[in-house]
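Given next are the chains, with one letter for each unit.
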Amino acid sequence: MKTLFLPGAAGSAQFWKPAAPHAGLDGVFFGWPGLGDEPHRPDVNGIGDLVSLVLDRMDEPVDIVAQSMGGVVAMLAALARPGKIHRLVLAVTSGGVPMGDLGGIDWRANYRRRFPDAARWIADPVPDLSDRLPSVAVPILLLWGDSDPISPVAVGERLHALLPQSTLHVIPGADHDLAVDHAARVGVLIKDHLSAERPAIRIDGK
């Protein structure tokens, strides 16, 4: 089974590489043109174009592992090609649900300071997919940290309520970069999910 690894708004194809070996996986590591420090491409001008890049690699059923904004891309791809998704892993993402009432901080100003040359469309509103998410009927692992100011656990809980075959796993002390800072733990969780079912909610140490 081919695995597609999707980064967040920082755009780097390197993002998932610390965790992937712990999951025993290789695959396709996407970088997002125009985001973070990645070179711009004239044919990539919004999140819909990122979805198209992913769909182009879905000529057969795939697993998708996605972080933050990459999780929105993953959900849009899953909705566009439901028969091509085997399993999903979504880490600290909105996943297409509104976050205004869920406690996350606005990340855009800090992002612009860090990546002043990044494409302006990264700050465009994300589509509300809430009504469509229950139709994504594949096993989904939701990975969250309880110290993430950008995507708090409440966001993972909202997605867990909407996605019928989802598992929510919360890593104590982890933040928005949990896939890098907790690469070994995250990799094992991904490996387990892609090969077996898991209980509905689990918090490490409890």
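Residues numbered from 1 in each chain as written. Predicted model: local features only at pLDDT ≥ 70, side-chain atom pairs only at ≥ 80, totals over all residues. Heavy atoms only, no water.

1. Description of unusual backbone geometry
Peptide bonds are, in most cases, trans, and in most cases residues other than glycine have a negative phi. Positive phi outside glycine occurs at Ser68, with the angle close to 50 degrees. Position of Ser68 among the secondary structure elements: in the loop between β3 (62-67) and α2 (69-80). Residue class for Ser68 comes out buried when judged on its relative accessible area of 16%. Of note, the phi angle at Val92 is positive, near 40 degrees, even though the residue is not glycine. You can see Val92 is positioned in the loop between β4 (85-91) and α3 (108-114). On the accessibility criterion, Val92 (1% relative accessible area) is buried. (Helix = DSSP H or I, 4+ residues; strand = E, 2+ residues; numbered from the N terminus. Buried < 20%, exposed > 50% of the residue type's maximum accessible area, 1.4 Å probe, protein only.)

2. Details of helix α6 (residues 183-195)
With 13 residues, α6 ought to run about 18 Å at 1.5 Å a step, and its terminal C-alpha atoms sit 18 Å apart, in line with that. When we look at burial in α6, the residues that qualify are Ala183, Val186, Gly187, Leu189, Ile190, His193 and Leu194. Seen along its axis, α6 keeps its buried residues to an arc of 165 degrees; they face one direction. Summarising the contacts, the buried residues of α6 are in contact with β3, β4, β5 (140-145), β6 (166-171) and α5 (178-181). (Expected span 1.5 Å × (residues − 1). Arc of directions from axis to C-beta. Contact = heavy atoms within 4.5 Å.)

3. Topic: the pattern of salt bridges
Close approach of charged atoms allows side chains with opposite charge to pair. In total, this model carries four salt bridges according to the counting rule given. Between Asp101 and Arg158 there is a salt bridge, with the nearest N and O atoms lying 3.3 Å from each other. Of this pair, Asp101 sits in the loop between β4 and α3 while Arg158 sits in helix α4 (residues 153-162), placing them 57 residues apart in sequence. With a closest N to O distance of 2.8 Å, Arg108 and Asp106 form a salt bridge. The exposure class of Arg108 is partly exposed, given its relative accessible area of 39%. (Salt bridge = Lys/Arg side-chain N within 4 Å of Asp/Glu carboxyl O.)

4. Some remarks on the nonpolar core
In terms of nonpolar packing, the biggest core is built from 71 residues, with Leu6, Trp16, Val54, Ile64 and Leu88 touching the most fellow members. Counting residues per element, this core draws most heavily on α2, at nine residues. Ignoring anything within four residues of it in the chain, the contact list for Ile64 reads Leu4, Leu6, Val54, Met58, Ala74, Ile85, Arg87, Leu88 and Val89. (Core = buried A, V, L, I, M, F, W, Y, C linked by side-chain atoms within 4.5 Å.)

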